Every structure is written in C-alpha cells, then in structure tokens.
Amino acid sequence: MTTRAVVVGAGGLGGPIALALGAAGLELLIVDPDVVELSNLHRQIQFTTADLGHPKAPRLAGLVVGRGGQARAVVDRFTAARADALAADADLIVDASDDPATKFAVADWAVTSGRPYVIAAALRYGGNVMVGAPGLACYRCLFEEPDREAPSCADAGVLGPVVGAIGGVAAAVAIGLVRGERGLAGALLAFDDLRAVADPRIVRFAARRDCPACARAPISPFERPVKLAEAR
Ligand SMILES: [Zn+2]
C-alpha cells in the first residue's frame, strides 16, 4: 500500500523534505501558493535561475518525479477551509511553510482528523521540528496561537544551510512516523544555533486540558502504523 503525504510549503524546508520523502517511496501532494524569486535561491537550492517566476509547487513536484518518485502539486495556500479538500486521503502531513497561520492550520487539521504530523520551522541560525501524533499533546498545546508579529525568513533572514539541516531532520522523523515509530511523538526538537551545537534540545510538554485543538479530538481510525511503499 502506498503511503500518501502532504507537504505544505515548497521552499527552503519543503525542498529537502519533499525530495527525501519522494525518494523514500511516499506519494506526495505538494502545496504552495508562491513563485520562485531571486532572493529565495540561497536557501531554496532545489531551484535555479531557470525557475524564476514559476510556481514553486509544480517545479518541486517535477524534481521528485524526475528522481523516480510520485508527486502532484497544488498552487494554493493550505487553510482550514481547504484542508479537507487537499489532504483527505493523506496518511501524514508535513508543514514546511514560513507562515504561522499555515502551521496552525496544518496542525489543527492533523489533530482533528487523527493524522500524524510534523511541523518544521527555521529562522536565522536555528529552527525546530514538532513531531505530532493523535492522542498526544499538540502543536497548539505548546504555541497556543499564531504569533502575528513573528518575523519570516524573508524579513529576518535565515542561513541557507540551516533550512537544509532542519528539513532533513523533519523528513527523517516523518519517515519514522510512517514506520510507526512514536518515540519522539509529542515532542519539539529545538535547534538553537546550528553554527555551534547540532544536538537538539528535546522539549516534551503536557497537553493543555482546555486546548481547543486536541482536548476533544477523538482517537481516529486513521491512526495506524502505515508502511513505506514497497520498492517500485
Ligand atoms: Zn493541544
């Protein structure tokens, strides 16, 4: 049985995540509303100047397919209103966006629909990866609300290799979730400064009793160990 994953974001994090998950045999849907800009290229190394002005999602999906993987693209923003239409048949969802509201939309949808999920973020010299699974403390338990003031990579900058490192970690833990590994589920892996220390702080936290996302989320029939596709 093929495992389906939605990758939200086709930029600096989404590039390494999609290429790794596609090469691991997952069938991908890549969702991103943006086009490639010159200022992206230092960190979104899957793109070249030939991609400038073209939508990111189909360009990245093309790279996955060119390596023998399976990927489709949607040029759109992942929102709560669009989540069911985009992700209904997904076994796993990975956020690689640079937008707090999108991260909450992905996490909330994953929690209420009972899917395992990974939320990746990078800024300046570090980043973090939240590993989520049904029945455990969720992204909203920890961060509560989108931070509308949070600086983006475009505003505050990010060291190019940092997104590759964080994206690689996110892809590795996503493959672990697909294989039924839950050892890091419910934890945040925090990399404060990858120029200095490569080991993450592993932050475990309790569920908030009144969390609007997970407090009443059912344990879903979707939650099951799913298998990587057999070798094609
Ligand atoms: Zn919660």
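Position numbers for residues start from 1 in each chain and track the written sequence from start to end. Two thresholds apply to this predicted model, a pLDDT of at least 70 for residue-level local features and 80 or more for giving and counting side-chain atom pairs, whereas whole-chain, interface and lining totals are computed over all residues. Hydrogens are left out, water is left out, and the side-chain values use all remaining heavy atoms of the structure.

Q: Outline empty space enclosed by the protein, listing residues and values.
A: Regions of empty space are outlined by a rolling probe, equal in size to a water molecule, passed over the atoms. Cavities and pockets were defined on a 1 Å grid built from protein atoms only: a cavity is a group of points that admits a 1.4 Å probe but offers it no way out, a pocket is an open group of points flanked by protein on both sides within 12 Å along at least five of seven lines, and a lining residue is one with an atom within 4 Å of any such point. Grid points are joined across faces, edges and corners, and a volume is the space filled by probe spheres set on the points. In this structure the tally under the stated criterion is two cavities of 30 Å³ or more. Surrounding the largest cavity, Arg4, Ala5, Val6, Glu27, Leu28, Leu29, Arg72, Asp89 and Ala90 form its lining. Of all the secondary structure elements, the ones that give two or more residues to the lining of the largest cavity are strand 1 (4–8) and strand 2 (27–31). In this classification, Asp, Glu, Lys and Arg are treated as charged, Ala, Val, Leu, Ile, Met, Phe, Trp, Tyr, Cys and Pro as nonpolar, and every other residue, Gly included, as polar. For the lining of the largest cavity, the class distribution of residues is five nonpolar, no polar and four charged. In this description a helix means any DSSP run of H or I spanning at least four residues, a strand means any run of E spanning at least two, and both kinds are numbered starting from the N terminus.

Q: Residues and numbers for the coordination of the zinc ion, please.
A: Summarising the metal site, the zinc ion is bound by the protein donors Cys138 (SG), Cys141 (SG), Cys211 (SG) and Cys214 (SG), whose distances to it range over 2.2 to 2.3 Å. Because the angles between the four donor atoms bound to the zinc ion fall within 94 to 122 degrees, the donor set is best described as tetrahedral. Positions of the donor residues of the zinc ion, expressed as sequence spacing, correspond to C-x2-C-x69-C-x2-C. Judged by its relative accessible area of 2%, cysteine 211 is buried. Think of it in three bands: with a 1.4 Å probe and only protein chains considered, a residue is buried below 20% of the maximum accessible area for its type, exposed above 50%, and partly exposed in between. Here cysteine 214 falls in the buried class, since its relative accessible area comes to 14%. With water omitted from the atoms examined, metal sites may look incomplete; donors here are N, O and S atoms no farther than 2.8 Å from the metal, or 3.2 Å in the case of Na, K and Ca. Angle rules define the geometry names used: all angles between 85 and 135 degrees makes four donors tetrahedral, while opposite donors over 155 degrees apart and all other angles between 65 and 115 make four donors square planar and six octahedral, leaving every other case irregular.

Q: Go over the nonpolar core, please, and point to the residues and values.
A: Definition used in this section: a nonpolar core is a set of buried Ala, Val, Leu, Ile, Met, Phe, Trp, Tyr and Cys residues joined via side-chain atoms within 4.5 Å. By size, the foremost hydrophobic cluster in this structure holds 37 residues, and its most contacted members are Ile17, Leu21, Leu28 and Ile30. Residue contacts are counted whenever heavy atoms from the two residues lie within 4.5 Å of one another. For leucine 21, the residues in contact, after removing those within four places along its chain, are Val7, Leu26, Leu28, Val94, Ala171, Ala174 and Ile175. Grouped together as the second largest cluster of nonpolar side chains are 30 residues, Ala83, Ala105, Trp109 and Phe205 included.

Q: Before we move on, can you summarise helix 2 (residues 56–66) with the specific residues and values?
A: Buried within helix 2 we find Lys56, Ala57, Leu60, Ala61 and Val64. End-on, the buried residues of helix 2 take up no more than an arc of 125 degrees, which puts them together on one face. Elements that come into contact with the buried residues of helix 2 comprise helix 1 (14–23), strand 2 and strand 3 (70–74). In the segment just after helix 2, glycine 68 is the residue with positive phi, at about 95 degrees. Throughout, the arc means that of the directions going from the helix axis to the C-beta atoms.

Q: Now, about the pairing of strand 6 (residues 126–132): what can you tell me, with residues and values included?
A: Of all the seven residues making up strand 6, six are buried; the element is thus mostly covered by neighbouring parts of the structure. Direction of pairing for strand 5 (residues 117–123) relative to strand 6: antiparallel, over a ladder of seven bridges. Paired with isoleucine 119 across the bridge in strand 6 is methionine 130. In this antiparallel pair of consecutive strands, strand 5 and strand 6, the connection spans two residues, and arginine 124 shows a positive phi of 55 degrees. When DSSP locates at least two bridges between a pair of strands, those strands are taken to pair. In the sheet, strand 6 pairs with strand 7 (residues 187–191) via five bridges, with the strands oriented antiparallel. Counterpart to methionine 130 in the pairing with strand 7 is leucine 188.

Q: How would you explain the sheet that holds strand 5 if you had to name every residue and give the values?
A: Pairing is mixed in the open sheet, where eight strands are placed in the order 3-2-1-4-5-6-7-8. Edge strands, defined here as strands with exactly one partner in the open sheet, are strand 3 and strand 8 (201–204). Mean inter-strand twist for the sheet, computed between neighbouring axes without regard to direction, equals 15 degrees. The sheet contact formed by strand 1 and strand 4 (residues 92–95) spans four bridges and is parallel. Convention adopted: a line fitted to C-alpha atoms gives each axis, helices being fitted over their contacting stretch, and angles between N-to-C directions are expressed from 0 to 180 degrees.

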